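What follows is each chain in one-letter form.
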Amino acid sequence: MRREFILILLGIISVSTLSSLLTTYVQVEADKLLLDTVVGVVGAGNFSYWQLGHSGPLLVELTSLSGDADLYVSDSLRPSYEVDKNNFSSATCGADTVSIPAEFPRPIGIGVFGDWSNKVSEYSIQVFLDTSTLVKEDSVVEHAKINTEKTGGG
């Protein structure tokens, strides 16, 4: 009896914790769930580094609030603008976006580089769970199950 009570109590605590974690995320668009936001400043010719541990397919969006900051992402914790020191990058004059697949190793290193054209660049990073990818993957699996059932396989 005591064991069952403890298991039920642990179940209630787990569901409550999971529920509170999920309600802190914001559904920004139909296919994007906001997981994290960071605001920072980086000097010209310098890097600011961040570490990301969220799982699943992610979208990382960097917006330059002033100046021009560029985004570099790597499976190492200190990405750079050198080609062999980043896996993904976006160096535009506008918003920079990088899509990270679910199977990419964690933790993810994020480097924000301050362009030489401005003494200081202020930026905002938003990390989203790319739910459109999850829906596609689930649809493919479900489609495969249906086809297997129709053909009598599996």
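Here the structure is shown first, and the text comes after it.
Residues numbered from 1 in each chain as written. Predicted model: local features only at pLDDT ≥ 70, side-chain atom pairs only at ≥ 80, totals over all residues. Heavy atoms only, no water.

**Q** Outline the overall build of the chain, supporting the account with residue identities and numerical values.
**A** Within the chain, the regular secondary structure consists of 2 helices and 9 strands. Starting at the N terminus, the α and β elements of the chain follow one another as α-β-β-β-β-β-β-β-β-β-α. Expressed as a percentage of its 154 residues, the buried residues of the chain come to 32%. Across the chain, the fraction of contacts at a sequence separation of at least 24, relative to all contacts at a separation of at least 6, is 77%. Carbon and sulfur atoms provide 59% of the accessible area of the chain, an area that totals close to 9600 Å². (Helix = DSSP H or I, 4+ residues; strand = E, 2+ residues; numbered from the N terminus. Buried < 20%, exposed > 50% of the residue type's maximum accessible area, 1.4 Å probe, protein only. Contact = heavy atoms within 4.5 Å. Areas by Shrake-Rupley, 256 points an atom, 1.4 Å probe, with all protein chains shown as cover.)

**Q** Before we move on, can you summarise the pairing of strand E7 (residues 96-100) with the specific residues and values?
**A** The alternating pattern of E7 places Asp96, Val98 and Ile100 on a buried face and Thr97 and Ser99 on a face that is not buried. Sheet topology places strand E4 (residues 58-66) next to E7; 5 bridges connect them, and they run antiparallel. Counted as the bridge partner of Leu58 is Ile100 from E7. (Pairing = 2+ DSSP bridges.)

**Q** A description of the sheet that holds strand E5 (residues 69-74) should follow, citing residues and the corresponding values.
**A** Strands belonging to one sheet form pairs held by backbone hydrogen bonds; the direction of such a pair is parallel or antiparallel. What the 4 strands build is an open sheet, ordered E3-E8-E5-E6; its pairing is antiparallel. Edge positions in the open sheet fall to strand E3 (47-52) and strand E6 (88-90), since each of these has one partner strand only. For this sheet, the mean angle separating the axes of adjacent strands, direction not counted, is 15 degrees. (Axes fitted to C-alpha atoms, helices over the stretch in contact; angles between N-to-C directions.)

**Q** So what's going on with the nonpolar core? Which residues, and what values?
**A** Leu58, Ile100, Ile108, Ile110, Val112 and Ile125 are the most contacted members of the largest nonpolar core, which has 20 residues in total. Every element with two or more residues in this core is listed here: strand E2 (32-43), E4, E5, E7, strand E8 (108-114) and strand E9 (120-130). The element that contributes the greatest number of residues to this core is E9, accounting for 4 residues. The contact partners of Ile108, leaving out residues within four places of it in the chain, are Trp50, Gln51, Leu52, Leu58, Val73, Ser74 and Ile100. (Core = buried A, V, L, I, M, F, W, Y, C linked by side-chain atoms within 4.5 Å.)

**Q** I'd like a description of unusual backbone geometry, backed by residues and values.
**A** With an omega of -5 degrees, the peptide bond between Arg106 and Pro107 qualifies as cis. Residue position: Pro107 is located in the loop between E7 and E8.

**Q** How would you sum up the packing of aromatic side chains? Please name residues and give values.
**A** With the rule as written, the count across this model stands at 7 aromatic pairs. Look at Tyr81 and Phe113: their rings are 5.1 Å apart centre to centre, the planes differ by 70 degrees, and that puts the pair in the edge-to-face class. A residue pair is termed long-range when its members are at least 10 positions apart, and Tyr81 in the loop between E5 and E6 and Phe113 in strand E8 qualify at 32 residues. For Tyr81, a relative accessible area of 44% corresponds to the partly exposed category. Aromatic ring contacts, followed pair by pair, group Phe47, Tyr49, Tyr72, Tyr81, Phe113 and Trp116 into a single cluster. (Phe/Tyr/Trp six-rings, centres within 6.5 Å; stacked < 30°, edge-to-face > 60°.)

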